[in-house]
Amino acid sequence: MRALATTSVDRFRRELHAHPEPGWAEFRTTARLIEELALLQHARVVYGGALGLGERRLGVEPQQQREFARRAVEAGCPTDLIAELADAGTGVVCEFGDGSRGGWLVLRFDIDALAVRESDDPVHAPVAQGFASGIDGYSHACGHDGHAAIGLGVARRVDRLVGQLPLGLGVRIVFQPAEEGTRGAAALVDAGWLRGAGWFFGLHLDALEGLPAGTVVPGTRRILATEKLDVVLTGRASHAAESPELGRDALAAAVDVYAALRGCDWDGATVSCNALAGGEARNVIAAHAELKCEIRAVEWAAVVRARERFTRIVEEESARRGVIARVDTVGRSIGGGSDGPGTSLMRESAERAGLPVVDVRDFGASDDAADLMAATQRGGGIGSYGLLATGGLADAHSARFDCSPAALESGVALMTECVRTVIREMRQE
Ligand SMILES: [Zn+2]
């Protein structure tokens, strides 16, 4: 007998909202998704070591992982599962049917939260209704709680559509970890989860200037390419008063690097450095310093060129101070955009679902959904990354970001309709 779902899409979103977890530390979120997806009749649920992310992960933060793993275990998640997810990576892939001969229809929903403190304003709906973030300093300010809940809702509907899937068509629903900092998608592509993808669809909740909840932008252009870089500088400590000349000042090198790189624009590739930390004590020449930087451009090739110049400047500036420099890639996305056929398919699906549709627009930021979409397009498939109105006015990454239950229902309807449209097109061929 089929087990009953334990929670509605809206309730699931509220539950995730109250327990935000940052990228590669979505332990409780992953455990709950596995639990809910296991109730489906036809789903193959893949996670942990079987996902193959492990060493492919970029930008894992061990301290954050330990803290959130501990919280998950305290919340009752199985200890061995959390240990596996910490080693092998968070996230879940849920498959229906077999796309190995015809193609996979890939739907992506990201699941991670941000290090943004949620508003405690009593009129902010999560506060008023008792599901605000319970973890100080973290929240779902980018709406990925809503994305994950929509994904679960879509999985439940696809489970009931399995009998209609044409031979050779498989549906692969990807609950992607670590979108923030563009860290998760590249690992999924490397691990082969986009191989054989014929269609890619995803969506992001967005205020869309207050358009009614559930309004659909059926495609986005100019999703920016980016590389996230940590500059790690190692000097030598010495007594700041007695023997400063014996030291190699990593903090001074960091300031030089910052001044040389900040705001650079090389052929449309812009560099920004937004965090600098270094030094150990007031009276010791700093032996360590670190900068967090990023490069963004419309074209990935421009990012690659800028990265070379970036590295050269870091090496020159640190060498002048006798400091050793290392540049680590902690995130990357090649950028891209929806294609014509993918956009048309999403538009048609939105119309069939009875949702209001507005024009395609520029994305204007990065989202590593672009990497999954580009992998699909490279293999000859089509794809679109859309936007869905939250029904609120707060922009993503703000402390008051929220989405209405109606937006969640619209998201489930839209993505399910995309599956139905592909089924219909395949049947007509
Ligand atoms: Zn986001």
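In short, a report on the structure. Computed from a predicted model, the values in this text were never measured in an experiment.

Cut-offs and rules
- Residues numbered from 1 in each chain as written.
- Predicted model: local features only at pLDDT ≥ 70, side-chain atom pairs only at ≥ 80, totals over all residues.
- Heavy atoms only, no water.
- Pairing = 2+ DSSP bridges.
- Helix = DSSP H or I, 4+ residues; strand = E, 2+ residues; numbered from the N terminus.
- Contact = heavy atoms within 4.5 Å.
- Axes fitted to C-alpha atoms, helices over the stretch in contact; angles between N-to-C directions.
- 1 Å grid on protein atoms, 1.4 Å probe; cavity = no way out; pocket = protein on both sides within 12 Å on 5 of 7 lines; lining within 4 Å.
- Points joined across faces, edges and corners; volume = space filled by probe spheres on them.
- Nonpolar A, V, L, I, M, F, W, Y, C, P; charged D, E, K, R; others polar.
- Domains from an automatic or database assignment.
- Left-handed = near helix turned anticlockwise from the far one by under 90°.
- Patch = residues over 30% accessible without salt bridge, like charges linked within 9 Å, V, L, I, M, F, W, Y side chains within 5 Å.
- Areas by Shrake-Rupley, 256 points an atom, 1.4 Å probe, with all protein chains shown as cover.
- Salt bridge = Lys/Arg side-chain N within 4 Å of Asp/Glu carboxyl O.
- Buried < 20%, exposed > 50% of the residue type's maximum accessible area, 1.4 Å probe, protein only.

Observations concerning the sheet that holds strand β5 (residues 197-206)
Backbone hydrogen bonds hold the strands of a sheet together, and the pairing may be parallel or antiparallel.
Piece 1. Strand order in this open sheet of 7 strands is β1-β2-β4-β3-β5-β14-β6, and the pairing throughout is mixed. Strand pairing shows two members of the sheet lacking a second neighbour, β1 (44-47) and β6 (216-217), which therefore form its edges.
Piece 2. Note that strand β3 (residues 103-110) and β5 share 5 bridges and pair parallel. Looking at the pairing, L105 lines up with W199 of β5.
Piece 3. Running over the sheet, helix α2 (residues 27-37) touches β1, β2 (92-97) and β4 (169-176) and is turned about 20 degrees from β2.

As for the layout of surface pockets
Piece 1. Its boundaries defined by the atoms lining it, the largest pocket holds a volume of some 1300 Å³.
Piece 2. Forming the walls of the largest pocket are 47 residues, and the residues nearest its centre are L114, E180, G181, K228 and H397.
Piece 3. Elements with a minimum of two residues in the lining of the largest pocket: β5, β8 (225-234), β10 (269-278), β11 (288-297), β12 (324-333) and β13 (361-362).
Piece 4. If one sorts the elements of the lining of the largest pocket by residue count, β11 sits on top with 5 residues.
Piece 5. Classifying every residue of the lining of the largest pocket gives 20 nonpolar, 11 polar and 16 charged.
Piece 6. There are two domains that each give the lining of the largest pocket at least three residues, and those are domain 1 (9-223 + 335-428) and domain 2 (225-333).

Focus on the packing of helix α8 (residues 250-261) against helix α9 (residues 300-320)
Piece 1. Viewed as axis vectors pointing N to C, α8 and α9 meet at an angle of 145 degrees, and their least axial separation amounts to 9 Å. By crossing handedness, the relation of α8 to α9 is classed as right-handed. Contacts from A253, D256, V257, A260 and L261 in α8 reach F310, I313, V314, E317, S318 and R320 in α9.
Piece 2. Considered class by class, the residues forming the contact of α8 with α9 number 7 nonpolar, 1 polar and 3 charged.

Details of a nonpolar patch on the surface
Piece 1. On the surface, L251, V255 and L276 cluster together to form a nonpolar patch covering roughly 210 Å² of accessible area.
Piece 2. Mapped onto the secondary structure, L276 falls in strand β10.
Piece 3. Taking relative accessible area as the criterion, L276 reaches 38% and is therefore assigned partly exposed.

Overview of the sheet that holds β12
Piece 1. Read from one edge of the open sheet, 5 strands run β9-β10-β11-β8-β12, paired in antiparallel fashion. This sheet does not close on itself; its edge strands, each paired only once, are β9 (265-266) and β12.
Piece 2. Pairing analysis gives 2 bridges linking β9 to β10, with the strands arranged antiparallel. Note on β10: the bridge partner recorded for W266 is A269.
Piece 3. Packing of α8 onto the sheet brings it into contact with β8, β9, β10 and β11, and relative to β10 it is tilted by some 160 degrees.
Piece 4. Contacting β8, β9, β10, β11 and β12, α9 runs over the sheet at an angle of about 10 degrees to β8.

Re the pairing of β8
Successive side chains on a regular strand alternate, one facing one side of the sheet and the next facing the other.
Piece 1. Across the 10 residues of β8, 9 count as buried, placing the element largely inside the fold.
Piece 2. When β8 meets β11, the two strands line up antiparallel, connected through 10 bridges. Bridge pairing in β11 links K228 to E294.
Piece 3. Across 9 bridges, the pairing between β8 and β12 is antiparallel. For V231, the partnering residue across the bridge sits in β12 and is V327.

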